Amino acid sequence: MGDVGWTRRDVVSGLALGALARGAPAAETPQIEPRRSMRATALPVIVSAGNGHAYLDAAYRRLHEGVDTLEAALQVVRGPEDDPNDDSVGLGGLPNEDGVVELDASCMHGPTRRAGAVGAVHDIKNVSLLAREVMLHTGHVMLVGEGAERFAVARGFKREDLLTDASRKVWLLWKQVHSDWWGPGLADPDWQDRLPGGADQSRDRGRLEQIAQDLGIAAERRHDAIQKVLFPPTGTIHCSVLNAKGEMSACTTTSGLAWKLAGRLGDSPIIGAGCFTDQDVGSAGATGSGEENIKVAGAHSIVESMRRGMSPLDAGMDALKRIVRNYGGDLERLKFLDMTYYVLRKDGAYAGVSLWTGYEPGKPHTIAVHDGSPRLEQTVSLYHGASREWPPRVAPRRRGL
Ligand code: GLY
């Protein structure tokens, strides 16, 4: 990959916890705590992606008041869905290539063994709640597109424009680069046609910095905006909940891969990929490269591994290794994708695992946990390094720069 040499990153397979500590990130708000025993000290317990942290406490209190586990999970994920400043889900989510926010979600209710999902939904902010409506009020499990939107309106959901000015400006910046998703993908033998890498990335960044300024993107937001253009994110939130009676539920919701082709579904709405709960065993969910997670049915694979006796940590690692195996362990391609799993077993043992340490140096992947006190813990990563260290450059013939 040209000058983007692998040797710049210390790749270590396995669970080298000590090395993570050596690369400790600068303190953030909220503080990321050292990893604990990965076993809840008390029930109930909630685990979620890091962006759920601010919403755990209120959901936890409601669990103590006796609210259902799915209600608690939905309360957590609604937080980022409602937040216009969280561009990974719901209102303010990064749009598809047409500039339209397109949302996916799924949920599973352990006690009744029911599931609901929606995909490619426009103009409806809380698709997590819409997934529950499909579960409760139809004979189906999944609705997509216009049909899902009409169903939402019939169930009393409000249509609203979900594209915020901030997300629109990042989309406009991406339009200047004008990459596309028509392939070849990472799994294609000609994948390097799409991701040539190498050459003068500082030139790209310089041009993007100027365009971002012209678009009125505030100076303090420009780095983040450029990162999202160079590394289209797959921001998502998953939440799994276990109550004191041993009941479990889960939900995953997302605006999906930024700049995607209209109609693209990732793993989040796929029961068994982005979200899976088995009341007898445990629950799991995912954030990260949806295409990769679909191919290994990640959440279902993890729950099945736990059913066969694996710990949450080992089960999560096994799913990551299945992704690695799909690329024959080829790190030249694996460095362009990332995956985090959130795993909760019925006895309160839990784990957060990720393919890479984080998206950027100093910003590790986290799992938010509440078992009486809310906290953010670093995930255990299979490889050490930041998965957005090497921008997948757009081939000159593909871009307008
Ligand atoms: N993991 C979210 C997505 O790929 O859409």
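Rules behind the numbers
- Residues numbered from 1 in each chain as written.
- Predicted model: local features only at pLDDT ≥ 70, side-chain atom pairs only at ≥ 80, totals over all residues.
- Heavy atoms only, no water.
- Axes fitted to C-alpha atoms, helices over the stretch in contact; angles between N-to-C directions.
- Helix = DSSP H or I, 4+ residues; strand = E, 2+ residues; numbered from the N terminus.
- Parallel < 35°, antiparallel > 145°, perpendicular 65-115°, else oblique.
- Contact = heavy atoms within 4.5 Å.
- Nonpolar A, V, L, I, M, F, W, Y, C, P; charged D, E, K, R; others polar.
- Buried < 20%, exposed > 50% of the residue type's maximum accessible area, 1.4 Å probe, protein only.
- Pairing = 2+ DSSP bridges.
- Near = heavy atom within 4 Å.
- Polar contact = N/O pair within 3.5 Å; in protein donor to acceptor, adjacent residues only side chain to side chain.
- Areas by Shrake-Rupley, 256 points an atom, 1.4 Å probe, with all protein chains shown as cover.
- 1 Å grid on protein atoms, 1.4 Å probe; cavity = no way out; pocket = protein on both sides within 12 Å on 5 of 7 lines; lining within 4 Å.
- Sits in = over half its atoms within 2 Å of the grid points.

Draft legend 1. Local environment of the packing of helix 4 (residues 127–137) against helix 5 (residues 145–154). Here helix 4 crosses helix 5 at 80°, and the two axes come no closer than 11 Å. Classified by the angle between their axes, helix 4 and helix 5 sit roughly perpendicular to one another. Contact with helix 4, carried on its side by L130, E133, V134 and H137, involves A148, F151 and A152 of helix 5 and no other residues of that element. Of the residues in the contact of helix 4 with helix 5, the class split is five nonpolar, one polar and one charged.

Draft legend 2. Here's a closer look at the pairing of strand 3 (residues 103–109). Counting buried positions over the seven residues of strand 3 gives seven, a clear majority of the element. Both faces of strand 3 are covered, namely the face carrying L103, A105, C107 and H109 and the face carrying D104, S106 and M108. Sheet topology places strand 3 next to strand 4 (residues 114–121); six bridges connect them, and they run antiparallel. For A105, the partnering residue across the bridge sits in strand 4 and is V118. Sheet topology places strand 3 next to strand 7 (residues 248–254); six bridges connect them, and they run antiparallel. By the bridge assignment for strand 7, M108 is matched with A250.

Draft legend 3. Just the site of the ligand, in detail. Around the ligand, the surrounding shell consists of T234, T236, T254, G256, L257, R264, G266, D267, S268, G288 and G290. Note that an oxygen atom of the ligand is positioned 2.7 Å from one of the side-chain N or O atoms of R264. Across the complex, the protein chains shield 100% of the 200 Å² of accessible surface that the ligand would expose by itself. Cavity membership is defined here by more than half of the atoms lying within 2 Å of grid points; on that basis the ligand lies in the second largest cavity.

Draft legend 4. Main features of the sheet that holds strand 15 (residues 374–378). Read across the open sheet, the nine strands follow the order 1-15-14-2-6-7-3-4-5; overall the sheet is mixed. Each having just a single partner strand, strand 1 (32–33) and strand 5 (142–144) make up the two edges of the open sheet. Note: strand 6 (residues 236–242) against strand 7, seven bridges, orientation antiparallel. From the neighbouring strand, V241 faces strand 7, where its bridge partner is S249. Contacts from helix 2 (residues 56–64) reach strand 2 (45–49), strand 6, strand 14 (366–370) and strand 15 within the one sheet, and its direction differs from that of strand 2 by about 150°.

Everything listed is a geometric property; what it means functionally is a separate question.
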